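# Chain and residue survey
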Amino acid sequence: MLFRSTLLGVLAEAIPDNERIITIEDTAELALDQEHVVRMETRPVNIEGRGRILARDLLINALRMRPDRIIVGEVRGAEALDMLQALNTGHDGGIGTIHANSPRDAMSRLETMVLMAGTELPSRAVREQIVSAIHLLVQVKRYDDGVRRIESIAEITGLEGTTPQMQELFGFRRRGKQGRRLVGHFAATGVVPRMVEELREEGIQIPAQLFQRTEDSDQ
């Protein structure tokens, strides 16, 4: 769930036309070609100090609209709790972005945002919700050559004690520079994600060689 708007749009292209998509953004930026798209935007207060609409308000209303997919442009506050609850109660087609320095930092920030909702949930309960709701974290990083690249794709595998566990599936490996431009490649780590079996049960066949580690993965 660690994406930027451009990547959100790319991922959304894979959503079938017959699915109902609801987007929640501060400013409508996603351009989706599917037939059943409902776009919702937050709104600041007016000059009278009224009329504010928060992402959390929109998310709560979106759940009443029977969505197949919920896309939140940026999760930044108390709406994180409602997003997790939605993903854990049958709306398992959600995507969103979180600003963080790494996949593990994103997990910590998400936990903090859930606590901003004002509920007195213990940390373990929050982490259990996160681990149950989220399958993948995709980190996008802006490198020193000014180019944004996918840095890492990690799968959340569960809790060990009170610590969320994750395993990296793919990562960007630097190989040097050509002039000012960074040179590298995207490599598999050799880890086959647990979710592959779930996808196969849904009739989605993923070739095993996709996750095969190559000899130059760490170069």
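Residues numbered from 1 in each chain as written. Predicted model: local features only at pLDDT ≥ 70, side-chain atom pairs only at ≥ 80, totals over all residues. Heavy atoms only, no water.

Another aspect to go through is helix α4 (residues 103-115). The first and last C-alpha atoms of α4 sit 19 Å apart over 13 residues, in line with the 18 Å expected at 1.5 Å per residue. Among the residues of α4, those classed as buried are Pro103, Ala106, Met107, Leu110, Glu111, Met113 and Val114. Viewed along the axis of α4, the buried residues span an arc of 160°, placing them on a single side of the element. As for α4, its buried residues are in contact with α3 (79-87), α5 (123-133), β5 (136-142), β6 (148-160) and β7 (163-178). (Helix = DSSP H or I, 4+ residues; strand = E, 2+ residues; numbered from the N terminus. Expected span 1.5 Å × (residues − 1). Buried < 20%, exposed > 50% of the residue type's maximum accessible area, 1.4 Å probe, protein only. Arc of directions from axis to C-beta. Contact = heavy atoms within 4.5 Å.)

Our next topic: a negative patch on the surface. A cluster of acidic residues, Glu13, Asp17, Asp33 and Glu35, forms a negative patch at the surface. Within the element layout of this structure, Glu35 appears in the loop between β1 (21-25) and β2 (37-41). Look at Glu35 and you get exposed, because its relative accessible area is 64%. (Patch = residues over 30% accessible without salt bridge, like charges linked within 9 Å, V, L, I, M, F, W, Y side chains within 5 Å. Areas by Shrake-Rupley, 256 points an atom, 1.4 Å probe, with all protein chains shown as cover. Salt bridge = Lys/Arg side-chain N within 4 Å of Asp/Glu carboxyl O. Lys, Arg positive; Asp, Glu negative; His and termini not counted. Charge placed at Lys NZ, Arg CZ, Asp CG, Glu CD.)

So, on to the side chain of Glu155. Residue placement: Glu155 occurs in strand β6. The charged side chain of Glu155 is buried without a salt bridge, its nearest counter-charge being Arg194 at 5.4 Å. Separated by 3.0 Å, the side chain of Glu155 and the backbone nitrogen of Arg194 make a polar contact. Within the structure, Glu155 has its side chain in polar contact with the backbone nitrogen of Met195 (distance 3.1 Å). Excluding anything up to four places from it in sequence, Glu155 contacts His135, Leu136, Gln165, Met166, Gln167, Leu169, Pro193, Arg194 and Met195. (Polar contact = N/O pair within 3.5 Å; in protein donor to acceptor, adjacent residues only side chain to side chain.)

The four strands lie next to each other as β2-β1-β3-β4, forming an open sheet whose pairing is parallel. The sheet is open, and its two borders are formed by β2 and β4 (94-96), each paired with just one other strand. Each neighbouring strand pair of the sheet contributes to a mean axis angle of 15°, computed without reference to strand direction. Bridging between β1 and strand β3 (residues 69-72) involves four bridges; their strand directions are parallel. Residue pairing in the sheet places Thr23 in a bridge with Ile71 of β3. Here helix α2 (residues 55-62) sits on the sheet in contact with β1, β2 and β3, set at roughly 170° to β1. (Pairing = 2+ DSSP bridges. Axes fitted to C-alpha atoms, helices over the stretch in contact; angles between N-to-C directions.)

These figures capture arrangement, not role.
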